[in-house]
Amino acid sequence: METTETRTEVQPIDCSHYINGTYVTSNNGKNFENVNPATEEVLGVVAEGGKEDVDQAVRVARKALKGEWGNMPLRQRSAIIRKVGDLILERKDELAALESLDTGKPIWLSKKVDIDRAAYNFHFFADYMTSIGTESYQQDDIAIHYAVRRPVGVVGLINPWNLPLLLMTWKLAPALAAGNTVVMKPSEVTPMTATVLAQICSDAGVPDGVVNMVHGFGETGAAITSHDDVDAIAFTGETVTGSTIMKAAAPTLKKLSFELGGKNPNIIFADADLDDVIETTLKSSFINQGEVCLCGSRIYVERPIYDEFLEKFAERAKELKVGDPFDPETKVGALVSEEHYRKVLSYLDIAKEEGGNFLIGGKVAEGLDKGFFVEPTIITGLENDSRCVSEEIFGPVVTVTPFDTEEEVMHQVNDTHYGLSSSLWTSNIKRATRLSAQIEAGMVWVNTWFLRDLRTPFGGMKHSGIGREGGAHSFDFYSELTNVTVKL
Ligand code: NDP
């Protein structure tokens with residue numbers, strides 16, 4: 001049986017910092033416990049970093065920038081980056097099991113999405129880095145101007161807990177491809193796969209000091225963001241943390257890339273293919289327990305199909321198996337931590353106070369006494385400005401609201417501080433293109449969801465982010481351009 005084998009073969013690991021090619025304990029000697037959210041058992045201990053550890057990591061990262069890494073030919077660097085992807089795939093089962101132990105997500109999802117994409121992030125940027133060029137202009141017979149790309153320097157990579165390895169590699173691969181050195185800070189609740197990743201980078205040939213990692217709570221992140229000798233911060237996490245980081249980074253004028261929270265609309269017109277809508281909406285609502293920044297947690301349905309949609313959607317959502325992340329039948333695992341579980345449950349109480357009707361769910365999953373499990377929940381009858389419709393819950397909870405006109409739904413969709421992504425379902429191509437331009441979001445999916453091409457711009461507007469990642473956009477962030485003018 002895949003489940004039992006996978007679980008018993010992989011031992012959870014203790015997580016140390018990784019500085020200058022070596023795993024090290026904290027200077028202050030402190031550790032904290034890492035808890036399995038599906039069983040509430042302790043998985044191991046994690047080094048609790050402080051300012052001294054961050055200082056040390058930044059110092060070696062600065063030194064490594066000038067060393068072998070900074071002078072390595074492009075093809076050689078590309079081969080090392082490709083090798084990191086290869087080694088991630090070689091260790092796929094182990095990494096997937098560690099990710100599921102840490103996050104509570106189903107093991108099939110860890111394998112199919114998290115680990116495969118983590119490897120692909122390296123493979124993609126290994127290719128991309130050898131093809132990207134810069135601008136050049138000939139100014140009559142007066143001069144030639146050309147731009148030279150160089151690394152930004154030492155970059156802090158700070159990540160959340162929902163897609164730990166996928167998001168860390170989404171930053172690390174282009175940062176390395178552009179020639180930078182890094183200090184990574186994984187989320188305190190999901191430290192295991194990043195810890196293994198550091199070793200994988202070394203095994204692939206990344207020189208010591210190029211990839212460093214310091215574990216810890218928010219204060220470790222704060223030490224990185226305020227550090228004098230860190231040149232840029234790539235951050236994914238909550239909007240409120242982004243705001244704190246912006247203030248901390250202001251005195252040293254760091255370059256910032258922010259991928260922040262979302263409350264994404266899923267807009268369904270009556271002329272859409274309803275079977276396709278239901279299948280995809282099940283995923284966009286409940287995959288990864290709803291803990292994906294791109295999940296479509298506000299569903300708007302055109303009135304003629306509202307009742308039929310609700311009936312079919314609820315029927316299918318009820319079938320989703322909640323429980324053990326290592327059971328291949330499980331579709332919804334555990335929420336990532338007790339703190340987050342309490343937050344999601346508190347929103348269910350708020351929904352009741354706000355007059356919401358629970359079509360399904362609304363409670364702790366039955367028969368699961370240990371662990372942080374919440375049933376898939378569909379709520380109707382809430383106003384657009386209610387807290388459950390307007391605030392990010394980040395759990396298996398969606399609201400469904402009927403609409404009558406395009407104008408009405410566009411007003412509801414855009415009446416939010418967030419602007420990360422959206423899905424639009426219609427068979428009318430004119431309407432699709434018209435409304436795609438009106439939706440205030442960094443990404444609009446038409447008749448699909450989560451379909452990605454890594455060359456495309458990824459990111460949010462409004463309070464959902466600053467800047468874009470993906471292809472050339474990542475390179476622009478992780479590079480500085482120097483323009484050279486040669487007088488003829
Ligand atoms: P947080 O913002 O709480 O934490 C993210 C990271 O920032 C963690 O490593 C955290 O450390 C660290 N951190 C906390 N405080 C500070 C600080 N003052 N300075 C520097 N770093 C700090 O996010 P969550 O981990 O709760 O992740 C969920 C959020 O991430 C959701 O809002 C979700 O929408 C968003 N997200 C956005 C994505 C996007 O692409 N737009 C993709 C995925 C998630 P520690 O954990 O130790 O506190």
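What you see is a predicted model, and the numbers here were worked out from it, not measured in a lab.

Draft legend 1. Structural detail: the domain arrangement of the protein. Per the domain assignment, the segments of the protein are domain 1 (17-260 + 462-487) and domain 2 (265-446). Here the C-alpha centre of domain 2 lies 31 Å away from the C-alpha centre of domain 1. Between domain 1 and domain 2, the contact holds 26 residues from the first and 32 residues from the second. Roughly 2,400 Å² is buried in total at the junction of domain 1 and domain 2, and carbon and sulfur atoms are behind 61% of that figure. Together, E40, W161 and K462 form the three largest contributors to the area buried by domain 1 at its contact with domain 2, with a combined 24%. Linking domain 1 to domain 2 there are 1 salt bridge. For E440, the salt bridge identified is with K462, shortest N-O distance 2.7 Å. At the boundary of domain 1 and domain 2, one finds 14 residue pairs in polar contact (both at pLDDT 80 or more).

Draft legend 2. Highlighting the site of the ligand. Surveying the vicinity of the ligand reveals 32 residues, the closest of which are E188, T241, L260, C293 and E392. In the environment of the ligand, an oxygen atom lies 3.4 Å from a nitrogen or oxygen atom belonging to the backbone of G218. At 2.5 Å from an oxygen atom of the ligand is found a side-chain nitrogen or oxygen belonging to E392. Within the complex, 90% of the 900 Å² of free accessible area of the ligand lies under protein. If you map the ligand onto the pockets, it falls in the largest pocket. Elements represented by at least two residues in the shell around the ligand include exactly helix 8 (218-225), strand 10 (232-236) and helix 9 (239-249). The element that contributes the greatest number of residues to the shell around the ligand is helix 8, accounting for 4 residues. Taken together, the residues of the shell around the ligand break down into 14 nonpolar, 13 polar and 5 charged. No fewer than three residues from each of domain 1 (17-260 + 462-487) and domain 2 (265-446) sit in the shell around the ligand.

Draft legend 3. Structural detail: the packing of aromatic side chains. In total, this model carries 19 aromatic pairs according to the counting rule given. Across the ring face of F358, the terminal group of K352 is positioned such that the distance to the ring centre comes to 5.6 Å. Across the ring face of F269, the terminal group of R431 is positioned such that the distance to the ring centre comes to 3.9 Å.

Draft legend 4. Structural detail: the packing of helix 10 (residues 274-286) against helix 11 (residues 306-318). For the pair helix 10 and helix 11, interaxial distance at closest approach is 10 Å and the crossing angle is 55 degrees. With respect to helix 11, the axis of helix 10 lies oblique. Here the hand of the crossing between helix 10 and helix 11 comes out right-handed. Contact residues: helix 10 offers L274, D275, V277, I278, E279, T281, L282, S285 and F286, while helix 11 offers E308, F309, K312, F313, R316 and A317. Residue composition of the contact of helix 10 with helix 11, grouped by class: 8 nonpolar, 2 polar and 5 charged.

Draft legend 5. Seen up close, a nonpolar patch on the surface. Residues I144, Y146, V148, V486 and L488 make up a contiguous nonpolar surface patch of about 380 Å² in total accessible area. No other element matches strand 6 (residues 143-151), which puts 3 residues into the nonpolar patch. Locating L488 in the fold gives a position in the segment after strand 20 (479-487). The class for L488 is exposed, based on a relative accessible area of 53%.

Draft legend 6. Focus on helix 4 (residues 92-103). Its 12 residues place the ends of helix 4 16 Å apart at the C-alpha level, agreeing with the 16 Å of an ideal helix rising 1.5 Å per residue. Most of helix 4 sits inside the fold, with 9 of its 12 residues counted as buried. Buried residues of helix 4: L95, A96, A97, L98, E99, S100, L101, D102 and T103, and no others.

Reading guide: rules and limits
- Residues numbered from 1 in each chain as written.
- Predicted model: local features only at pLDDT ≥ 70, side-chain atom pairs only at ≥ 80, totals over all residues.
- Heavy atoms only, no water.
- Domains from an automatic or database assignment.
- Contact = heavy atoms within 4.5 Å.
- Buried area = accessible area lost by both parts, 1.4 Å probe.
- Salt bridge = Lys/Arg side-chain N within 4 Å of Asp/Glu carboxyl O.
- Polar contact = N/O pair within 3.5 Å; in protein donor to acceptor, adjacent residues only side chain to side chain.
- Near = heavy atom within 4 Å.
- Areas by Shrake-Rupley, 256 points an atom, 1.4 Å probe, with all protein chains shown as cover.
- 1 Å grid on protein atoms, 1.4 Å probe; cavity = no way out; pocket = protein on both sides within 12 Å on 5 of 7 lines; lining within 4 Å.
- Sits in = over half its atoms within 2 Å of the grid points.
- Helix = DSSP H or I, 4+ residues; strand = E, 2+ residues; numbered from the N terminus.
- Nonpolar A, V, L, I, M, F, W, Y, C, P; charged D, E, K, R; others polar.
- Phe/Tyr/Trp six-rings, centres within 6.5 Å; stacked < 30°, edge-to-face > 60°.
- Lys NZ or Arg CZ within 6 Å of the ring centre and 35° of its normal.
- Axes fitted to C-alpha atoms, helices over the stretch in contact; angles between N-to-C directions.
- Parallel < 35°, antiparallel > 145°, perpendicular 65-115°, else oblique.
- Left-handed = near helix turned anticlockwise from the far one by under 90°.
- Patch = residues over 30% accessible without salt bridge, like charges linked within 9 Å, V, L, I, M, F, W, Y side chains within 5 Å.
- Buried < 20%, exposed > 50% of the residue type's maximum accessible area, 1.4 Å probe, protein only.
- Expected span 1.5 Å × (residues − 1).

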